[in-house]
Structure formats: structure tokens, C-alpha cells
Amino acid sequence: KRALSQDAAARAAARERQKAIDDQEARKAAEARRHQAMGARRLQGTHAAHKDRLEELEQVRENRFQHDAQRVLQLKGSIDGIKGKLQSSNEARRKKQHQVKADREARKQQMLNDGQNPYEVWRREEMDAEKERQQTKLKALNEMRSEKLLEQLMTEERTYKKKR
């Protein structure tokens, strides 16, 4: 009998301990859920602020991308325009050179028909042109020197008048 009552008492104590443990775990779980909910509410505001910030950053990035794309398109248009101008000027120069070459060949043939040496004539013309360039350069240099001398005389005259 005693063993049965001790056994019943032990079982009751074990149930009591198990109930206390279960109650403790339930209380801890409820407390954890409550704190987790509080944390989620606290982070909700932070997440909203981060989301807004990320949207702003995405908008800035998109604007920058659009701006850069526009600049690249402008650059491409500018490059294409310059290429067009360059090609047209090259074509004009090529045509002019071709015309000069054709004129020179015709002139050479005419000189040969007249019994002249075209290379000698052209060399003489080049020397005359060079002499003319040298004379023009010398005149410009002399004119510049005389202007400089005149300017120097005028400054000396001004300083002389100031001293008097």
C-alpha cells in the first residue's frame, strides 16, 4: 500500500513538475512571440525608411544612366557630324589634287610639245615663288622693326616729358 501511495505521489509530483515545465515553456514561447512581434513592428519603420532610400537611390541611378546615355548619343552625333565633314573635305581635297595633277600633266605635255624641259621651268617658278616669299617676309620684318622703334621712341618721349 505504501508503495502504491508513494508511486501515486511520485506520479503526481512528476505530473506537477511536467505541468510547471510546460507552463514555463508556454510562458517563454508567448513572451518570445510578443518580443518578436515588437521587434517586427520596430523594424517595419526602419524597413520602410530603407525601402524609400533604396527607391531614391534607384531613381538617382536611373537619372544618371539616362543622362549618360544622352551624352553618349550626343557624342556619337557629334562624331558622326565631324566624320561627315572630314570625309567631305577629304573628298574635295582629293578632287582638287586630281584636278591639279591633271592640269600639271596637260601643262607638262604642252611644254614638251613646245620643246621646253618642264622640270626646269617648274624649278625656276618654284625659285621665283620662294624669292617672292622671302622678300615679303623681309618687308614684314622691316615694317615690324620700324613700328617697334617708333613705339620705343614714343615711350621715351613720354618719360622725358614726365621728368620735365
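Please read all numbers here as calculations on a predicted model, not as lab measurements.

Draft legend 1. Geometry of helix α1 (residues 2–114). The end-to-end C-alpha distance of α1 is 156 Å, a good match for the 168 Å that 113 residues give at a rise of 1.5 Å each. Where α1 bends most, the angle comes to about 25°, and this point is Gln44. All of the buried residues in α1 are Gly39, Lys108 and Met111. Elements that come into contact with the buried residues of α1 comprise α2 (118–163). The positive-phi residue at the C-terminal boundary of α1 is Gly115, with phi of around 90°.

Draft legend 2. Up close: α2. The end-to-end C-alpha distance of α2, which contains 46 residues, comes to 67 Å, matching closely the 68 Å that a straight helix rising 1.5 Å per residue would cover. If you check which residues of α2 are buried, you get Pro118, Val121 and Trp122. Of the surrounding secondary structure, the elements contacted by the buried residues of α2 are α1. With a side-chain oxygen positioned 3.2 Å from the backbone nitrogen of Tyr119, the residue opening α2 is Asn117.

Draft legend 3. Representation of the packing of α1 against α2 in the model. With their axes 9 Å apart at the nearest point, α1 and α2 run at an angle of 120° to one another. Across from Arg104, Arg107, Lys108, Met111 and Leu112 in α1, the residues of α2 making contact are Pro118, Tyr119, Val121, Trp122 and Glu125. Residue composition of the contact of α1 with α2, grouped by class: six nonpolar, no polar and four charged.

Draft legend 4. Structural detail: the packing of aromatic side chains. Summed over the entire model, instances satisfying the criterion amount to one aromatic pair. Cation over ring: Arg104 sits above Trp122, and NZ or CZ is 3.8 Å from the ring centre.

Draft legend 5. Molecular detail of the pattern of salt bridges. Inspection of every chain in the model, using the stated rule, returns eleven salt bridges. Two residues, Glu31 and Arg34, come together in a salt bridge whose shortest N-O distance is 2.5 Å. Note that Glu31 and Arg34 are positioned in helix α1 at a spacing of three residues, about one turn of the helix. The class for Glu31 is partly exposed, based on a relative accessible area of 30%. Here Arg53 and Glu56 are joined by a salt bridge, their closest N and O atoms 3.9 Å apart. Taken together, the residues span about one helical turn, with Arg53 and Glu56 both in helix α1 at a distance of three residues. What makes Arg53 partly exposed here is its relative accessible area of 48%.

What counts and what doesn't
- Residues numbered from 1 in each chain as written.
- Predicted model: local features only at pLDDT ≥ 70, side-chain atom pairs only at ≥ 80, totals over all residues.
- Heavy atoms only, no water.
- Helix = DSSP H or I, 4+ residues; strand = E, 2+ residues; numbered from the N terminus.
- Expected span 1.5 Å × (residues − 1).
- Bend = angle between axes of the 7 residues up to and from the residue.
- Buried < 20%, exposed > 50% of the residue type's maximum accessible area, 1.4 Å probe, protein only.
- Contact = heavy atoms within 4.5 Å.
- Polar contact = N/O pair within 3.5 Å; in protein donor to acceptor, adjacent residues only side chain to side chain.
- Axes fitted to C-alpha atoms, helices over the stretch in contact; angles between N-to-C directions.
- Nonpolar A, V, L, I, M, F, W, Y, C, P; charged D, E, K, R; others polar.
- Phe/Tyr/Trp six-rings, centres within 6.5 Å; stacked < 30°, edge-to-face > 60°.
- Lys NZ or Arg CZ within 6 Å of the ring centre and 35° of its normal.
- Salt bridge = Lys/Arg side-chain N within 4 Å of Asp/Glu carboxyl O.

Honestly, that's just the spatial picture; any functional story needs more than this.
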